[in-house]
Amino acid sequence: MGKLIVIDHPLIQHKLTLIRDKNTGSKDFRDLVKELSMLMGYEITRDLPLQEVEIETPVCVTKSKAIAGKKLGIIPILRAGLGMVDGMLKLIPAAKVGHIGLYRDPETLEPVEYYCKLPTDIEERDLIVLDPMLATGGSAMAAIRFIKDKGATNIKLVCLIASPEGIQAVQKAHPDVDIYVASVDECLNDHAYIVPGLGDAGDRLFGTK
Ligand code: PRP
Ligand code: URA
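Residues numbered from 1 in each chain as written. Chains lettered and ligands numbered in written order. Predicted model: local features only at pLDDT ≥ 70, side-chain atom pairs only at ≥ 80, totals over all residues. Heavy atoms only, no water.

How do you make sense of the site of ligand 2 when you look at a structure like this?
Within the structure, ligand 2 sits among R104, M133, A135, A192, Y193, I194, G199, D200 and A201. In the model, an oxygen atom of ligand 2 is placed 2.8 Å from a nitrogen or oxygen of the I194 main chain. Within the contact set of ligand 2, an oxygen atom lies 2.8 Å away from a backbone nitrogen or oxygen of A201. When grouped by side-chain class, the residues that make up the shell around ligand 2 number six nonpolar, one polar and two charged. (Near = heavy atom within 4 Å. Polar contact = N/O pair within 3.5 Å; in protein donor to acceptor, adjacent residues only side chain to side chain. Nonpolar A, V, L, I, M, F, W, Y, C, P; charged D, E, K, R; others polar.)

Just checking my understanding: could you explain the pairing of strand β8 (residues 126–130) for this structure?
Sheet faces and side chains relate simply in a regular strand, where the side chains alternate between the two faces. Here β8 lies mainly inside the structure; five of its five residues are buried. Here strand β4 (residues 72–78) pairs with β8 via five bridges, running parallel. Within β8, the position partnered with G73 by the bridge is L127. Two strands pair when backbone bridges link them, and β8 and strand β10 (residues 154–162) are joined in this way by five bridges, in the parallel orientation. Along β10, the bridge assignment pairs I128 with K156. (Buried < 20%, exposed > 50% of the residue type's maximum accessible area, 1.4 Å probe, protein only. Helix = DSSP H or I, 4+ residues; strand = E, 2+ residues; numbered from the N terminus. Pairing = 2+ DSSP bridges.)

Just to check I follow, could you spell out the environment of A68 for this structure?
Here A68 is to be found in the loop between β3 (61–67) and β4. Under the relative-accessibility criterion, A68 is labelled buried at 15%. Distance from A68 to E52, taken between C-alpha atoms, is 8.5 Å for residues 16 residues apart in sequence. Residue contacts for A68: discarding those within four places in its chain leaves P49, L50 and Q51. (Contact = heavy atoms within 4.5 Å.)

For this particular structure, what's the right way to read unusual backbone geometry?
Of all residues except glycine, most have a negative phi; of all peptide bonds, most are trans. A cis amide bond links L78 with the next residue in sequence, R79, at an omega value of 0°. V195 connects to P196 through a cis peptide bond whose omega is 0°. By the element assignment, P196 lies in the loop between β13 (194–195) and α6 (201–206). Phi at L109 takes a positive value of approximately 65°, unusual for a residue other than glycine. The exposure class of L109 is partly exposed, given its relative accessible area of 25%.

Would you mind showing me how to read the side chain of S183 here?
Along the chain, S183 falls in strand β11 (residues 178–184). Note on S183: relative accessible area 11%, which makes it buried. At a separation of 2.8 Å, a polar atom in the side chain of S183 contacts the side chain of D185. Look past the residues within four positions of S183 in its chain and what remains in contact with it is L16, R20, L160, I161 and A162.

Just to check I follow, could you spell out the packing of helix α1 (residues 10–20) against helix α2 (residues 26–44) for this structure?
Packing of α1 against α2 brings their axes to within 10 Å, and their N-to-C directions diverge by 155°. Judged by the inter-axis angle, α1 sits roughly antiparallel to α2. Remark: the crossing between α1 and α2 carries left-handed chirality. Contact residues: α1 offers L11, I12, K15, L16, L18 and I19, while α2 offers F29, L32, E35, L36, L39 and M40. Taken together, the residues of the contact of α1 with α2 break down into 10 nonpolar, no polar and two charged. (Axes fitted to C-alpha atoms, helices over the stretch in contact; angles between N-to-C directions. Parallel < 35°, antiparallel > 145°, perpendicular 65-115°, else oblique. Left-handed = near helix turned anticlockwise from the far one by under 90°.)

And the structure:
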């Protein structure tokens, strides 16, 4: 079973409160999603391997730690996952970015794929799949299945807000994938929206609807 890691640092909880508020407009919403992604990225990169390098300080020659050349990939699920890319890239600027376009059919609630462009060497990379919302889990499960079919083996899923149902579904379908979230909310409503959630993340990010 994959691990569930809830990153509930006070700064993260504070910013989550702000993005949940229906009076927060698109500009602030976008800025906050970026800041939240960067704060989560700090925890997500905790297990990056280090190597010892020799440097010279103004005082002496010494050995010090540096990130070992790990190949990373960030995969936002369009659209809303796009809002998390810049924050994550601030911490891991050398990561390659792949895109998967999925939308949830409002009738069937099933994910429909409409775009995919991935780094050619995803099988060699540690991949971080980004989507602010994990509701039924349909979109995340489809995206993970998709990149696994292209050879990916090392995958983390990072969401801001998740439902218990979505977490359970992803853990069952992809027990090798660890899930990082800022909050596990109460439940899904009749339209499969997360309660209390923040509404439609894509629309709030991009000012649509
Ligand atoms: C939202 C969200 C997730 C998905 C979550 O995207 O960003 O991708 O719904 O729901 P699920 O867990 O039940 O699949 P949406 O389909 O609204 O598309 P958008 O990002 O283009 O707005
Ligand atoms: N997608 C969203 O953007 N929000 C939800 O609450 C559920 C799915």
